[in-house]
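What follows is each chain in one-letter form.
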Amino acid sequence: MLEYKIFGESKVTSCKKRQKAAEKAHAPLSVLVEVGGSEHQIFLSIHEPKIYHHCCFGRVMVTYNRKKNTWHCPCAKAHTSCLHKNIAKWHLFQTQKELFVAAPRATETSRETSHSVTYPPTTEMERSVRYLYEEKKIPATLPGDAITPRAATDYPSKLIPIETTCKVCPEDPKLEEILCITDKARIVGMNGVIQNISTYNRRCTECHMIYRYQEWTDGLHNFNDHVILTLQLCLYLRHSLQNHVSVSRVIRTLEALWKERFPASDLIFQAYCQFEALCNTEYTYSCVNCGLYPPVVIMDHHRKGVFNFEGSELKQPRDDFRGEHNSEEFWESVHLHMISRGFFEDSSQNPFLVRPSYQHWAPWIGRETRKSNNVLNTEYEKVPLQTSNGEALLCDATEDRLIDELLKQKVSTIRKLCESCKVETRGSRMDLITRLRDTMKSRQTYDKLLQSIWGASGGWSVIMCPHGIVYSLKFNLRAESPRDFIDLLLSWKHLPNVCVYDFAGGLAAHANLRVPDNPPFQPHEGRLADPTKENVDAAVRQKLKVHLPWLVERLQHPEANGHPTTGSSQHYVLYDKLNQSNTQDPRDLLRKTDVVPELQGALNRQVAEQLFAALRKNNYFLNNMGPSSHIFLMRNIIEHRNGHLNEKLLNRQLIS
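Residues numbered from 1 in each chain as written. Predicted model: local features only at pLDDT ≥ 70, side-chain atom pairs only at ≥ 80, totals over all residues. Heavy atoms only, no water.

(A) Expanded view of helix H14 (residues 504-514). Most of H14 is tucked away: eight of the 11 residues are buried. Those residues of H14 not exposed but buried are Ala504, Gly505, Gly506, Leu507, Ala508, His510, Ala511 and Asn512. (Buried < 20%, exposed > 50% of the residue type's maximum accessible area, 1.4 Å probe, protein only. Helix = DSSP H or I, 4+ residues; strand = E, 2+ residues; numbered from the N terminus.)

Here it is, written out as structure tokens:
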């Protein structure tokens, strides 16, 4: 099965481990079971050492449908792989190997011969995926005739690729005759489902690359030759997501409206993601007012936006790795993953699959805003025990934030956490939290609490301008820390003059520790004035004012390495009004935004809260996605949100 690329090495290891467990329990690993004498269904009883609601007797029934080529296990969703399905496949591969070999079937004419319903995982199919990504882009702004409503009879009933010669081979050889994939494809649109559509492909005679129908000019988007979406439905799904309505809810609504069954909502969601991956969206991530390099930014973290994955599976990178990632290559790989799902039905056989990794997990920063395609993500540095005093302080601060979140939980929730961490469950709320804090010194306990409170991953870190336009987006694999924001800022071409953050002192300390030869935040370690007793006393009495006139009018004589918008080379990290109580250090009173008259009225810290309040409405569907789908869709949703806000800013300026 490894040779056929049906299984990867990890799945083989898991199956063999379960086989040993079955042998130790003196139970058969897999047994073929006859149920009802069905010709199309194959039933296998699989050993399960643990007792769950779906396997009360230590066995799980896995079903394979020959006709539909689908697998069912009560422990997993229809299109999700699980260990029980893998063991069943292993069993059938040994006893009925022909089930895993695609066999051709005849059609009515010799010119329209049919072949396998699903594409085999070959290098030729990989070329087809890359060809779609490079040559079949959909315009970011679609013309009106491509999205106008049409009658069912206005759509073609036969979808044939327009290519007649190979676009990859140097001699432009002719392609083979068309092959019929299916005559039961469906076009899914706002007005229901159009049945019995025929789809075809062609194959190059030399390189054997497959060409399929993919013409957006017909108002259609072909996902997998079996499900085709109208572009009108694709745009409707895009606007629905902007209004916090999931794809599954849209499909359920259309099914209720038209009283007919649509393809599975998961399949339509994947088709929509493929559509967005093929769209020629720029992902500029910049504001029409602040330009490519905003002088003032607001930084915050959305803790509730998470995706599920096993953090224990993350492996430490090689010794010479310094946290640099090629942003363009990473996000291209995510797009290719979204596109390839229409070619590779089984994710285990998909060569474009993107998994969380310390060495391949890049944030997104607009192309013109970042220094280069190489951006920083040094989350692997969060794992080892920190030795420097500065880093220890940052670690303590992150624990304090987790304690703050625990204080917001119900007593019953805290007791359950204590029980899961094997901590005494009797006592008051503060007694329980104190015990949990003592156990946090164990990294295992810390990660368990983090996952329970904030989710499996570490949420999103964002940098935005005062108008609410997101400039940088980072999907954290572990708990948030100032490191995440410094990774982003050090990847920018021009560091902002003013950064507003709810842990300003820790951010400045971390940045200056990381770049000791040229500390990013100067003067006064990012404070607005020298932390003398006189200045601190004046700040306590609210008598201190520090003017930054270059925030209003650019310096006539820009300083060396000055910001292109302001001309100033000074860089400050400040607290806003909402978070000024986050520090007990009196010197940090010199980081209050109230001290700067030029920031009054111009800095709206609530834009971050408004962003997260809106995005929290998406958590019910985003948090149930896999890592690659989660980050792809989140980046796409924010890009369209940025565009909408920019339009509002432009209209407001035109009116005024």
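That shown, we press on.
(B) Quick look at the nonpolar core. Formed by 132 residues in total, the largest nonpolar core has its most connected members in Phe275, Met299, Phe475, Phe521 and Leu633. Sorting elements by how many residues they give to this core places helix H7 (residues 265-278) first, with nine residues. Apart from residues no more than four positions distant in its own chain, Leu633 is found in contact with Leu241, Phe269, Tyr272, Phe621, Leu622 and Met625. (Core = buried A, V, L, I, M, F, W, Y, C linked by side-chain atoms within 4.5 Å. Contact = heavy atoms within 4.5 Å.)

(C) Examining the side chain of Asn222 more closely. Take Asn222: it is sitting in strand E10 (residues 220-222). Polar contacts involving the side chain of Asn222 include one to the main-chain carbonyl oxygen of Tyr213, which spans 2.9 Å. Separated by 3.5 Å, the side chain of Asn222 and the backbone nitrogen of Asn224 make a polar contact. Aside from chain neighbours lying at most four places away, what touches Asn222 is Arg212, Tyr213, Gln214, Val227, Ile228 and Gln274. (Polar contact = N/O pair within 3.5 Å; in protein donor to acceptor, adjacent residues only side chain to side chain.)

(D) The packing of helix H3 (residues 123-135) against helix H8 (residues 327-340), seen in detail. Taken N-terminus to C-terminus, the directions of H3 and H8 make an angle of 115°; their axes are 10 Å apart at the nearest point. The angle between H3 and H8 places the two elements in the roughly perpendicular class. Once H3 is placed against H8, the crossing between them reads as right-handed. Residues Val129, Arg130, Leu132 and Tyr133 of H3 form the contact with H8, whose own contacting residues are Glu332, His335, Leu336, Ile339 and Ser340. Residues of the contact of H3 with H8, tallied by class, amount to five nonpolar, two polar and two charged. (Axes fitted to C-alpha atoms, helices over the stretch in contact; angles between N-to-C directions. Parallel < 35°, antiparallel > 145°, perpendicular 65-115°, else oblique. Left-handed = near helix turned anticlockwise from the far one by under 90°. Nonpolar A, V, L, I, M, F, W, Y, C, P; charged D, E, K, R; others polar.)

(E) A look at helix H10 (residues 411-420). Listing the buried residues of H10 in full gives Ile414, Leu417 and Cys418. Burial along H10 is one-sided: seen end-on, the buried residues are contained in an arc of 100°. Seen from the buried face of H10, the exposed residues on the opposite side, beyond 90 degrees, are Lys416 and Glu419. A positive phi of about 60° marks Lys422, the residue just after H10. (Arc of directions from axis to C-beta.)

(F) View of the pattern of salt bridges. By the definition in use, this model includes 20 salt bridges. Salt-bridge contacts for Glu328 lead to Arg370; the nearest nitrogen and oxygen are separated by 2.6 Å. Within this pair, whereas Glu328 is found in helix H8, its partner Arg370 is found in the loop between strand E14 (364-365) and strand E15 (374-376), the two being separated by 42 residues in sequence. Taking the relative accessible area as the measure of exposure, Glu328 reaches 24% and is therefore partly exposed. A relative accessible area of 1% places Arg370 in the buried class. (Salt bridge = Lys/Arg side-chain N within 4 Å of Asp/Glu carboxyl O.)

(G) Inspection of the sheet that holds strand E18 (residues 498-500) at higher detail. What the six strands build is an open sheet, ordered E14-E17-E16-E12-E18-E19; its pairing is mixed. With one partner strand each, in any of the chains shown, E14 and strand E19 (572-574) form the two edges of the open sheet. With respect to the sheet, helix H16 (residues 606-616) is in contact with strand E12 (296-302), strand E16 (460-464) and strand E17 (470-475), its orientation differing from that of E12 by roughly 35°. Of the strands in this sheet, E14, E16 and E17 are in contact with helix H18 (residues 627-655), which crosses E17 at around 170°. (Pairing = 2+ DSSP bridges.)

(H) Summary view of the environment of Phe275. Its place among the elements puts Phe275 in helix H7. The class for Phe275 is buried, based on a relative accessible area of 0%. C-alpha separation for the pair Phe275 and Ile339, spaced 64 residues apart in sequence, amounts to 8.0 Å. The residues contacting Phe275, other than those within four sequence positions of it, are Ile138, Leu142, His221, Leu231, Cys234, Leu235 and Arg238.

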